[in-house]
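Analysis of the macromolecular model
One letter stands for each residue in the lines below.
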Amino acid sequence: MSLITEIRKDIINIINDSDKIQEVSNFPKSNFKGFPAVAVVWAGLENEVATNVEFERIVTFKIYIFEQVGRDIDNIYANNRAEDNIAEVVADLIDRIDTTYNLDGSTAVDFSM
């Protein structure tokens, strides 16, 4: 398993522990089983000497949060509810992810948002 796959799997496992999220995927999709839903997507890998400490890689992921508002997107109540739900999910994810983990003896992962 590649380092990128392993890190994404660990991020998804951390997010899956949240009771505020109905589904976590490794790609955005249109048919989530419930909302709010989250997609964890690999965004890039930096390993140039000019951008990093030598012998260090920065693997970047984007975390997308999806909420359902219904068919009437002008419905103020639905929009406010969706915004409140997303704010709760963001706060929960920050609490869960904003720390450093060691995947193995030599790989330190710094999760920050």
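Let me sum up the structure you'll find in this document.

Calculation criteria
Residues numbered from 1 in each chain as written. Predicted model: local features only at pLDDT ≥ 70, side-chain atom pairs only at ≥ 80, totals over all residues. Heavy atoms only, no water. Helix = DSSP H or I, 4+ residues; strand = E, 2+ residues; numbered from the N terminus. Buried < 20%, exposed > 50% of the residue type's maximum accessible area, 1.4 Å probe, protein only. Contact = heavy atoms within 4.5 Å. Areas by Shrake-Rupley, 256 points an atom, 1.4 Å probe, with all protein chains shown as cover. Expected span 1.5 Å × (residues − 1). Arc of directions from axis to C-beta. Phe/Tyr/Trp six-rings, centres within 6.5 Å; stacked < 30°, edge-to-face > 60°. Axes fitted to C-alpha atoms, helices over the stretch in contact; angles between N-to-C directions. Parallel < 35°, antiparallel > 145°, perpendicular 65-115°, else oblique. Left-handed = near helix turned anticlockwise from the far one by under 90°. Nonpolar A, V, L, I, M, F, W, Y, C, P; charged D, E, K, R; others polar. Core = buried A, V, L, I, M, F, W, Y, C linked by side-chain atoms within 4.5 Å.

**Examining the overall build of the protein**
Tallying secondary structure elements over the protein gives two helices and five strands in all. Classification of the 113 residues of the protein by burial places 28% in the buried group. Within the protein, contacts between residues at least 6 apart in sequence are counted, and of these 40% link residues at least 24 apart. Summing over all exposed atoms, the protein offers an accessible surface of approximately 7700 Å²; the carbon and sulfur share of this is 48%.

**Quick notes on helix α1 (residues 3-16)**
Spanning 14 residues, α1 covers 20 Å between terminal C-alpha atoms, matching the ideal 20 Å at 1.5 Å per step. Every buried residue of α1 is listed here: I7, R8, I11, I12, I14 and I15. Projected down its long axis, α1 shows its buried positions confined to an angular sector of 160 degrees, all on one face.

**Here's the deal with the packing of aromatic side chains**
On inspection of all chains with the given rule, the structure shows two aromatic pairs. Considering the side-chain rings of F32 and F35, the 6.0 Å spacing of their centres and the 75 degrees angle between planes classify their relative orientation as edge-to-face. The exposure class assigned to F32 is buried, which follows from its relative accessible area of 9%. Ring geometry for F32 and F66: centres 5.1 Å apart, planes at 35 degrees, overall tilted. Here F32, found in the loop between β1 (23-25) and β2 (37-46), pairs with F66, found in strand β3 (residues 58-66); they are 34 residues apart in sequence, far enough to count as distant. Taken together, the aromatic side chains of F32, F35 and F66 make up a single cluster linked through ring pairs.

**Here we look at the environment of K33**
The topology assignment puts K33 in the loop between β1 and β2. Judged by its relative accessible area of 78%, K33 is exposed. Between the C-alpha atom of K33 and that of E23, which follows or precedes it by 10 residues, the distance is 6.5 Å.

**Overview of the packing of α1 against helix α2 (residues 76-97)**
Two elements in contact, α1 and α2, have axes whose closest approach is 10 Å; the angle formed by their N-to-C orientations is 125 degrees. Comparing the axis directions of α1 and α2 gives the class oblique. Both α1 and α2 take part in a crossing whose hand is right-handed. Counted together, I11, I14 and I15 of α1 and L93, R96 and I97 of α2 form the full contact between these two elements. Residues that form the contact of α1 with α2 fall into these classes: five nonpolar, no polar and one charged.

**Brief notes about the nonpolar core**
Core analysis: the largest hydrophobic core is formed by 14 residues, its most contacted members being I11, I15, I21, V24, V38, V40 and F61. At the level of secondary structure, the elements contributing two or more residues to this core comprise α1, β2, β3 and α2. Beyond its immediate sequence surroundings of up to four residues, V40 is in contact with R8, I11, I12, I15, V24, S25, N26, F27, F61, K62 and I63.

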